[in-house]
Amino acid sequence: LLIPACRVAEKWHSSTFLFFDTICEIKAFCTQPAFLASEEEVRMIFSETEKHFAPGAKDFSSPIILNLFHRALDVYNNTGGCFDITVGPLSRAWGFRTGTPHVAHPEQIAEALSHVGMDKITEEGARLLLQPGMELDWGGIAKGLGIDLASRALIRSVITRGFINAGGDLYCWGENPDNQAWQVGIKHPRAGGFLGVLALSDKGAATTGDYQRFFMEEGVRHHHVFDPKTGLPSRGKQSVTVVGPETLLCDALSTAVFVSREPKAILDKYPDYGAIIVDSDGRISLVGKIADFRKIE
Amino acid sequence: MDRRDFIQKLITIPLLDPLLRISTGMTGDGELYLISEEPHTVLPRILRAMPFLQRNNRKRFAFLSPHPRQEGLRHILFRKGWVSSPSPDRAEMALSFSLLHNPVAPSFTYVKDGKIQDIRTPGLFHVWQDMIRAHKPSSCLTTASFFSHKIPLFSGKFAAVYREGKKVEALPLERPLVRSYRTRAGRILVRVQDRKVWVVESSCRNKICCSVPSVSLSGERIICAPNHFFLEIQGARSVDTTIG
């Protein structure tokens, strides 16, 4: 009796779902059962990440919280405080937390700023101690962590080619269906179309822009990326995309570079990372290690 | 340097290389013709003084023909951040070598679209002076042809509409239409016109989806997070995914 070998073919699969308040997309080259398992794994990791790092979460002692806090603190120290997860009171003062964004009064900003600064957080045992009035905002780093954890899980499960894109934070590995590096279009911060195309393999990327959450008042754009020193929306750039080995760091560094007036000084400390910066006049500059970016001309 | 005299020294074969490669999906950005026994010392200086030759940050090189200074050139280009391209078709700079009939004074010139370009700058003048002073006459012609890859961006064929992560409809772009969708936060109104798509109205609070410019290229998206709604332009694939 001959039993035919039953082999499940590998092919490209993709799916989209909602997490982190945005659209998440997975694409992977594997068998159908492997993809279903991967999808489940990614959903589980994103769900856990979302639970721990949701706005207003009061968990200050889980290992995952402490670990990400230390990663964030490193970036805070290396960027002169341009990346700071304690900007929660500023988001609240400007109404981004409550969904009613408005220009904050100077007194509100001053009050919020008195609660901003990662150096105000202390650790006692395995627990973070926040001063009264402090509020953490993990939005600039948690999604990157979720993507790193999820993509590592899929790579460990022997999926050799794919990407995970959660609302613009992304990790891609291996080659695309054309057997080339993944072609990643960067949205233009003002016009329709793409700013350019990145070719990435085994790399992460994340973008911070003044167009992602904003409101206009008297012709002025007020967005959600605050300068922790002034308490105002950071000025001088439309968008920053950071590329590098870890999406977590891309995520945090894109905010830091967006806020900083010295992007090169920051990226000098992260030699494996590079940034595509669009300034407020729409000029594009590349800083640090950007292996393969083509502008749309 | 007498440019007409220079170009007359060139043989025709190197001129053909760039023309042949344009048909492979690349745009010719000109050719640098360099007569020198020491191209490996001169070329990096010229490249530094002519930054416009590297329109993007891709720096891949390949040799179209064996070059007597190949190892020296490879070594110096690696040091300057260039990488070797696995295929000449994917290189931004293709190097080739030709032997002139007679040795001539060392020199260089830049030709674009079949015309000699005026590239007189203080930086290049110093390079040229150093060549005249220190280099002996040479019959070694190095041609560096520069290319940029065209990015194939395609207009989409339809807009795939997703609600709660599930695809609900594909709107063709070839005819004008308006569609209303019930969503988690209420309603969202989408318009298709002139092969472009945009959100006209939305019940979401911040209306960011309404302020996003219209989309038309394959891979472009409009997302309304509060409504758990997004649309993506689909058709011939321009990019694998989109960020930002």
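Reference entry: report on the structure contained in this document. Just so it is clear, the model here is predicted, and its values are computed rather than measured.

### Some details on the overall build of chain B
- When you go through chain B residue by residue, the secondary structure sums to six helices and 15 strands.
- Look at the contacts in chain B between residues 6 or more apart in sequence, and 62% of them connect residues 24 or more apart.
- Surface exposure of chain B reaches about 12000 Å², of which carbon and sulfur atoms provide 53%.

### A closer look at empty space enclosed by the protein
Residue and element names in this part refer to chain A.
- Counted by the stated rule, this structure contains two cavities of 30 Å³ or more.
- Its volume calculated, the second largest cavity comes out at about 50 Å³.
- Of all the secondary structure elements, the ones that give two or more residues to the lining of the second largest cavity are strand 8 (194-200) and strand 12 (237-244).
- By residue class, the composition of the lining of the second largest cavity is five nonpolar, one polar and four charged.

### A closer look at the packing of helix 1 (residues 32-53) of chain A against helix 5 (residues 142-156) of chain A
Residues and elements named next belong to chain A.
- As a packed pair, helix 1 and helix 5 sit with axes 9 Å apart at the nearest point and diverge in direction by 155 degrees. The pairing of helix 1 with helix 5 is recorded here as roughly antiparallel in orientation. Crossing hand, helix 1 versus helix 5: right-handed. The segment helix 1 lies against helix 5, with Ser38, Glu41, Val42, Ile45, Phe46, Thr49 and Phe53 engaging Ala142, Leu145, Gly146, Ile147, Leu149, Ala150, Ala153 and Leu154.

### A word on the environment of Pro44 of chain B
All names here are of chain B.
- With respect to the helices, strands and loops of the structure, Pro44 is situated in helix 3 (residues 39-49).
- Looking at Pro44, the relative accessible area reads 10%, which means it is buried.
- What Pro44 contacts, discounting residues up to four positions off in sequence, is Pro39, Ile76 and Lys80.

### Describing the sheet that holds strand 13 (residues 221-224) of chain B
Residue and element names in this part refer to chain B.
- In space, the four strands of this open sheet follow the order 9-8-14-13, with antiparallel pairing throughout. The sheet is open, and its two edges are formed by strand 9 (166-172) and strand 13, each paired on a single side. Strand-to-strand twist of the sheet, defined as the mean angle between neighbouring strand axes without regard to direction, takes the value 15 degrees.
- Across six bridges, strand 8 (residues 158-163) lies against strand 14 (residues 229-234) in antiparallel orientation. Residue pairing across strands places Tyr162 opposite Phe230, the latter belonging to strand 14.

### Observations concerning the interface of chain A and chain B
- Facing 50 residues of chain A, the contacting portion of chain B comprises 36 residues.
- Between chain A and chain B, roughly 3500 Å² of surface is buried when both sides are summed, and carbon and sulfur atoms account for 55% of that area.
- Of all residues in chain A, the largest losses of buried area upon contact with chain B belong to Leu18, Phe194 and Arg294 of chain A, amounting jointly to 19% of the total for that side.
- Between Arg221 of chain B and Glu25 of chain A there is a salt bridge, with the nearest N and O atoms lying 2.5 Å from each other.
- At the boundary of chain A and chain B, one finds twelve residue pairs in polar contact (both at pLDDT 80 or more).
- For the side of chain A that touches chain B, the secondary structure elements donating two or more residues are strand 1 (11-19), strand 2 (22-30), strand 5 (162-166), strand 7 (182-187), strand 8, strand 9 (203-209) and strand 15 (293-295) of chain A.
- Broken down by element, the residue count for the side of chain A that touches chain B peaks at six residues, all from strand 7 of chain A.
- Residue classes in the side of chain A that touches chain B are distributed as 24 nonpolar, 16 polar and ten charged.

### Focus on the pattern of salt bridges
- Using the criterion set out here, one finds 21 salt bridges over all chains in the structure.
- Here Arg283 of chain A makes a salt bridge to Asp281 of chain A, at a shortest N to O gap of 3.3 Å. Each member of the pair Arg283 of chain A and Asp281 of chain A is classed as exposed.
- Ionic contacts of the salt-bridge type, sharing partners, join the residues Glu25 of chain A together with Arg221 and Glu232 of chain B into one network.

Rules behind the numbers
- Residues numbered from 1 in each chain as written.
- Chains lettered and ligands numbered in written order.
- Predicted model: local features only at pLDDT ≥ 70, side-chain atom pairs only at ≥ 80, totals over all residues.
- Heavy atoms only, no water.
- Helix = DSSP H or I, 4+ residues; strand = E, 2+ residues; numbered from the N terminus.
- Contact = heavy atoms within 4.5 Å.
- Areas by Shrake-Rupley, 256 points an atom, 1.4 Å probe, with all protein chains shown as cover.
- 1 Å grid on protein atoms, 1.4 Å probe; cavity = no way out; pocket = protein on both sides within 12 Å on 5 of 7 lines; lining within 4 Å.
- Points joined across faces, edges and corners; volume = space filled by probe spheres on them.
- Nonpolar A, V, L, I, M, F, W, Y, C, P; charged D, E, K, R; others polar.
- Axes fitted to C-alpha atoms, helices over the stretch in contact; angles between N-to-C directions.
- Parallel < 35°, antiparallel > 145°, perpendicular 65-115°, else oblique.
- Left-handed = near helix turned anticlockwise from the far one by under 90°.
- Buried < 20%, exposed > 50% of the residue type's maximum accessible area, 1.4 Å probe, protein only.
- Pairing = 2+ DSSP bridges.
- Buried area = accessible area lost by both parts, 1.4 Å probe.
- Salt bridge = Lys/Arg side-chain N within 4 Å of Asp/Glu carboxyl O.
- Polar contact = N/O pair within 3.5 Å; in protein donor to acceptor, adjacent residues only side chain to side chain.

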